[in-house]
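# Summary of structural features
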Amino acid sequence: MTGLGSRLFCKVGKLCEQLPVFLNTFLVFSITGEVSYLVLVEAPLEPEEKKTVWSAWWKALHLLGQYFMLGNICWNALLFLKVSPSIKGVFLGGDGLGQGWRYCYTCETHTPPRCSHCYDCKVCVLRRDHHCVFFGQCVGFRNYRYFLSCLLFMWSGLLYAVVMNAEVFIVILKEGVTLHSILLLLIPWIMLVSGQVSARAFAFAFIADTCVVGLLLVSAFFFFHIFLLFRGQTTREWYSSRRPYNLGLLGNLRHMLGLRWYICWLSPLIPSPLPGDGINFQVTGSLEPSQ
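A few points on the structure. From a predicted model like this one, the values you see are computed outputs, not experimental measurements.

Definitions and limits used
- Residues numbered from 1 in each chain as written.
- Predicted model: local features only at pLDDT ≥ 70, side-chain atom pairs only at ≥ 80, totals over all residues.
- Heavy atoms only, no water.
- 1 Å grid on protein atoms, 1.4 Å probe; cavity = no way out; pocket = protein on both sides within 12 Å on 5 of 7 lines; lining within 4 Å.
- Points joined across faces, edges and corners; volume = space filled by probe spheres on them.
- Helix = DSSP H or I, 4+ residues; strand = E, 2+ residues; numbered from the N terminus.
- Nonpolar A, V, L, I, M, F, W, Y, C, P; charged D, E, K, R; others polar.
- Disulfide = S-S within 2.5 Å.
- Buried < 20%, exposed > 50% of the residue type's maximum accessible area, 1.4 Å probe, protein only.
- Expected span 1.5 Å × (residues − 1).
- Patch = residues over 30% accessible without salt bridge, like charges linked within 9 Å, V, L, I, M, F, W, Y side chains within 5 Å.
- Areas by Shrake-Rupley, 256 points an atom, 1.4 Å probe, with all protein chains shown as cover.
- Salt bridge = Lys/Arg side-chain N within 4 Å of Asp/Glu carboxyl O.
- Core = buried A, V, L, I, M, F, W, Y, C linked by side-chain atoms within 4.5 Å.
- Contact = heavy atoms within 4.5 Å.
- Polar contact = N/O pair within 3.5 Å; in protein donor to acceptor, adjacent residues only side chain to side chain.

### Describing the layout of surface pockets
- Here the largest pocket is characterised by a volume of approximately 1000 Å³.
- Asn24, Val28, Phe135, Met154 and Val218 are the residues nearest the centre of the largest pocket, which is lined by 44 residues in total.
- Breaking the lining of the largest pocket down by element, the ones donating at least two residues are helix H1 (2-42), helix H3 (56-82), strand S5 (130-132), helix H4 (144-164), helix H8 (199-231) and helix H9 (235-239).
- With 11 residues, H1 is the single largest residue contributor to the lining of the largest pocket.
- In terms of residue class, the lining of the largest pocket is built from 33 nonpolar, 11 polar and no charged.

Structure follows, in structure tokens:
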């Protein structure tokens, strides 16, 4: 019974680890579906508007733009999960151990500078930034480009969705700021369960709320990582106030995003080879934390 219980506990633990991934996927496709519905069905409110602003070409451009963003989000996320940032399969030997090398007692190997052990992934990660709970994988040297590109298109997609959902907020608040409208925006689940609103009104209110909250969260993550990118830092180095690998703006962009940093963000299919190997780094400052 003890063995069965531990196996069951392990399976439940693994399922919980993947739960954020499933939740993110559900929300991304739900928001895309709702915005597509707004463009195709709800947008032409008046017959005259069908022949002017909300024409077939205008709808096509909207759909093309949002599915371009959705495709980039999904493809970057898949490549982020597929490309392993760990030291597995990487030859760490060579010219000997230099400054910044450490010994990992868990992996039982010497690790290069900016590499650290992740106890969630159970392996050391090259130029480890942090463990992303939303994807269930570490952000490191080889997959940082896909992580940042995914954040970029999530941010732009949520910004677009918030703008498109402005009509939803207008409809909810058209009778003024009442207790009913405030509760519908703040706690749509309770309003649905108590029978105060229809399922359709709940769906629109819930997704509109999700877009606003998601935009705030993704904006914080995205602009924080843009800040780190410009400074040539990882999240771990930012915590310790160190900038020993700052190569200047253009050098940091090439080092983090690859040689085609200026265009690779348009699509994950555009090759952009990284100039380094994730093991050796040019030191431009003190390796000691700032006081």
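On we go.
### So, the state of the cysteines
- Within this structure, the stated rule accounts for 0 disulfides.
- In this model Cys107 remains outside any disulfide bridge; the closest cysteine sulfur is found in Cys124, 3.6 Å from its own.
- Note on Cys121: no disulfide assigned, nearest cysteine sulfur contributed by Cys118 at a separation of 3.8 Å.
- Overall, the relative accessible area of 28% leaves Cys121 in the partly exposed class.

### Some thoughts on H3
- Over its 27 residues, H3 extends 38 Å from the first C-alpha to the last, a length consistent with the 39 Å expected when each residue adds 1.5 Å.
- Of all the positions in H3, only Lys59, His62, Gln66, Met69, Leu70, Asn72, Ile73, Asn76, Ala77, Leu79 and Phe80 are classed as buried.

### Considerations on a nonpolar patch on the surface
- A cluster of nonpolar side chains, namely Leu173, Val177, Ile182, Leu186, Ile187, Trp189 and Ile190, defines an oily patch on the protein surface of about 680 Å² accessible area.
- Breaking the nonpolar patch down by element, the ones donating at least two residues are helix H6 (179-186) and helix H7 (188-193).
- Position of Ile187 relative to the elements: it lies in the loop between H6 and H7.
- When its relative accessible area of 33% is taken as the criterion, Ile187 is described as partly exposed.

### Things to note about the nonpolar core
- In terms of nonpolar packing, the biggest core is built from 34 residues, with Ile31, Val35, Leu229 and Leu257 touching the most fellow members.
- Residue assignment for this core shows that the elements contributing at least two residues are H1, H3, H4, H8 and helix H10 (248-257).
- If you tally residues by element for this core, the top one is H4, at 13 residues.
- Aside from chain neighbours lying at most four places away, what touches Ile31 is Leu158, Ala161, Ile207, Thr210 and Cys211.

### Quick word on the environment of Ser86
- Within the fold, Ser86 resides in the loop between H3 and strand S1 (102-104).
- On the accessibility criterion, Ser86 (4% relative accessible area) is buried.
- Beyond its immediate stretch of four places on either side in the chain, Ser86 contacts Val123, Cys124, Val125, Leu126 and Arg142.
- Only 3.0 Å separates the side chain of Ser86 from the side chain of Ser84, close enough to count as a polar contact.
- Looking at Ser86, its side chain comes within polar contact range of the main-chain nitrogen of Lys88, at 3.3 Å.

### Examining unusual backbone geometry
- Phi is positive for Lys122, which is not a glycine, with a value near 60°.
- For Lys122, the position within the fold is in the loop between strand S3 (116-118) and strand S4 (123-125).
- One non-glycine residue, Arg127, lies in positive phi territory at about 40°.
- Along the chain, the position of Arg127 falls in the loop between S4 and S5.

Read these as geometric descriptors, not functional statements.
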